[in-house]
Amino acid sequence: MERSAGTGANERSPLLSSTSDHESPNTSRSLSPSTETNQASNPDTRRNGAHVSRQPMSYHSINGGYSVQSDSVDDSLQTSAVISRYKYYNRLAPHQESPLQMPDHVVPVTIHVSHPLSAPGQQNSFITVFSLWNTMMGTSLLSMPWAIKQAGFINGIALLVFMAGLMFYTSYRILKCVEGQTLDGQMVEFSDVCRRFLGRGAEGIAVLSSLLVLLGGIIIYWILMSNFLYNIVSFIYRYVVDGASNSNDDNDALCRGPTGGGGSNNSISNVSDSLLPSFTSSVSSGSLWLHNAYQDGSQQHLLFDKIWDEYYTVPFFLILILVPLINFKSPTFFTKFNALGTVSVGYLICFVAINMYRWGFHLDFSAKPSSPQYIAQFKGTFPALTGIAALAYFVQNCVVSIVRNQKYPENNVRDLLIAYVLVALTYVYIGFMFYAAYPLDKNCIEDNLLNNLKDTNIIAFIARIGLFFQMMCVFPLLSFIFRVQFMHTFFGTLWPGLKYVLLLNLILVAISVVFAIFLPHIGKIIGFVGAFCGLCYAFALPCLVYMKIRYEENTLTWPVLVFHSVLILIGLANFVGQFVILGES
């Protein structure tokens, strides 16, 4: 506001200005910097025979601090005295009806009141939908046919749609809970909302769940990159040494386990058995190159096999490639390759369509249960799918950040719904098409669909190369985000020191290598991580926060309480189910 100053504008009362001795303007803070557009228009005042230009000041609040913009100490003290008078009179006359109004001569020429305004977003709905879709698209794509096999054909597709609906609803609840909650003028994260309504314990659970999702992604990426690197080098070695021609005939489907064995998880009982002749002899004819290596007794092949082992040596070779990449202080360089993720998903969609065209449909619903062509409609191991789906649809920890810059925030819910529909269609497409086209026993489908094609398949070879380089660029980003959240939570800073960063990276690499050696089954890892994080972050916390808000507003009804309690129980049952099927999936 602007009011003209009287003749006493520059007088200083010792009583009213005494607070300036202990309220230094330099120690106060303001929500946002004051504007300087009116500096030129401020009149000059004469003091001690010299012209001194009055500077604009920023008055934060009556009871809060204030900031002063001045070129001299005297100006700062004078402005401090004026603000002290302003505070004094406002305490005397807190209401407009009071007769003790602040005199005009005490009011400075110009008072700038800081009011934080959020800048309008520039992100349109297309970018929002694409960002949500791209965030949810991950390694779960490779496990979708295996997940449908574990749940049964019809039951698996229905559960994929059902889980998409549940995860959409809890993401919607998170957006609604965050609306209206601000901190320093900025939209808060959901973990801040959990602390506001449920306490610091809930905030800790939210942070732990987010860290566990990242850790699970790091482990899964290490396992997959070990698998891809092993197959890429084996393909090149076989082509160079043996001069083998690429096989792209219609019989390149691969079953690495015995009939009814349930894929790799049942066909490989432990790591040491994976390369024995008893294992390779059960492989369908003309599939694995190692089978011929053992038969012809080639010492060169045996030496290569000993050095280049998917489980015993390749995870360690991977250290030489990835460790230098994860110790950068900033991963800005790797963010330039985010588009590779979209390219990889598009290639997998085309990859499945090509195999469908070459193999055709192989669904015989009339086959007897004892037949290798039998298609189970329902299986008791369906929690394997719901666990994978909980992580496949998991976007709750970053949905607020993605929609924060939305140009039209009123479209957030609509865009979120569209994204979930597209994600569900993509997952169902990959799972259904590969499962229906796979020409061998459906029980042979593995949790990495690329393992169901011979290593001589050229389109699978290209897919492995693309996915390997894409994951190699994303892996440093995952490690960086995990490091930032971990260090900020436990140290209060993003970079506590090089030794702490190196120690954390060493622990992450050690955990990843151990899993790549002793538990290289991404389906089980995705299931457990997804079920636990789904229980905590996707089901329990959104529902509890929503019910607490309704309770404080005195609008909590029994239907709302029962419905959201059932959602929490579904998440708990999903987590417990992972242990129930541990020896069967």
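So, here's what we can say about the structure. This structure is a prediction, so every number in the text was calculated from the model and none was measured.

1. Overview of a nonpolar patch on the surface
Nonpolar side chains collect at one region of the surface, where L303, I307, F317, L320 and I321 lie side by side and expose about 460 Å² of accessible area between them. Elements supplying a minimum of two residues to the nonpolar patch: α11 (299-307) and α12 (314-322). On the secondary structure map, L320 appears in helix α12.

2. Observations regarding helix α3 (residues 125-136)
Counted at 1.5 Å a residue, the expected span for α3 with its 12 residues is 16 Å, and the 17 Å between its end C-alpha atoms agrees. Taken together, the buried positions of α3 are S125, T128, V129, L132, W133 and M136. On an axial view of α3, the arc spanned by its buried residues comes to 125°, and they lie on one face. Check the buried side of α3 and you find it contacts α14 (339-359), α15 (383-392), α16 (399-403) and α17 (412-437). The residue sitting at the N-terminus of α3 and contributing the capping side-chain oxygen is N124; that oxygen lies 3.2 Å from the backbone nitrogen of F126.

3. Points about the nonpolar core
One finds F190, M225 and Y393 to be the most contacted residues of the largest nonpolar core, which totals 142 residues. In terms of residue count, the dominant contributor to this core is helix α7 (residues 200-242) (21 residues). If near-sequence neighbours (up to four positions away) are discounted, F190 is found in contact with I174, V178, Y537, L541, P542 and V545.

4. Re the packing of helix α20 (residues 522-552) against helix α21 (residues 558-580)
Running from N to C, α20 and α21 point in directions that differ by 165°, and their axes come no closer than 9 Å. Regarding the angle of α20 to α21, the classification is roughly antiparallel. Considering the relative orientation of α20 and α21, their crossing is left-handed. In this structure, α20 contributes G527, F528, A531, F532, L535, F539, A540, C543, L544, Y546, M547 and R550 to the contact, and α21 contributes V560, L561, H564, S565, L567, I568, G571, L572, N574, F575, Q578 and F579. Along the lines of polarity and charge, the residues of the contact of α20 with α21 split into 17 nonpolar, 6 polar and 1 charged.

5. Some remarks on the environment of R196
Of note, R196 is situated in helix α6 (residues 190-198). Taking C-alpha positions, R196 is 9.6 Å from Q181, a pair spaced 15 residues apart along the chain.

6. Quick look at the state of the cysteines
Per the counting criterion, the structure on display carries 1 disulfide. Between C194, a cysteine without a disulfide, and C177, which holds the nearest cysteine sulfur, the sulfur-to-sulfur distance is 8.4 Å. C194 gets classed as buried once you look at its relative accessible area, which sits at 0%.

7. Some words on the packing of aromatic side chains
Per the counting criterion, the structure on display carries 28 aromatic pairs. Centroid distance W308 to F317: 5.4 Å. Interplanar angle 35°. Geometry classified as tilted. Residue classification places F317 among the partly exposed residues on the basis of a relative accessible area of 33%. Consider the rings of F468 and F469, whose centres lie 5.6 Å apart with planes at 80°: the pair is edge-to-face. Overall, F468 belongs to the buried group, its relative accessible area being 5%. Connected via pairs of aromatic rings, a cluster forms that spans F168, Y169, Y172, Y393, Y420, Y427 and F563. Its end group placed over the ring of F197, R196 keeps NZ or CZ at 4.3 Å from the ring centre. Positioned above the aromatic ring of Y435 is the side chain of K442, whose terminal nitrogen or guanidinium carbon lies 5.3 Å from the ring centre.

About the criteria used
Residues numbered from 1 in each chain as written. Predicted model: local features only at pLDDT ≥ 70, side-chain atom pairs only at ≥ 80, totals over all residues. Heavy atoms only, no water. Patch = residues over 30% accessible without salt bridge, like charges linked within 9 Å, V, L, I, M, F, W, Y side chains within 5 Å. Areas by Shrake-Rupley, 256 points an atom, 1.4 Å probe, with all protein chains shown as cover. Salt bridge = Lys/Arg side-chain N within 4 Å of Asp/Glu carboxyl O. Helix = DSSP H or I, 4+ residues; strand = E, 2+ residues; numbered from the N terminus. Expected span 1.5 Å × (residues − 1). Buried < 20%, exposed > 50% of the residue type's maximum accessible area, 1.4 Å probe, protein only. Arc of directions from axis to C-beta. Contact = heavy atoms within 4.5 Å. Polar contact = N/O pair within 3.5 Å; in protein donor to acceptor, adjacent residues only side chain to side chain. Core = buried A, V, L, I, M, F, W, Y, C linked by side-chain atoms within 4.5 Å. Axes fitted to C-alpha atoms, helices over the stretch in contact; angles between N-to-C directions. Parallel < 35°, antiparallel > 145°, perpendicular 65-115°, else oblique. Left-handed = near helix turned anticlockwise from the far one by under 90°. Nonpolar A, V, L, I, M, F, W, Y, C, P; charged D, E, K, R; others polar. Disulfide = S-S within 2.5 Å. Phe/Tyr/Trp six-rings, centres within 6.5 Å; stacked < 30°, edge-to-face > 60°. Lys NZ or Arg CZ within 6 Å of the ring centre and 35° of its normal.

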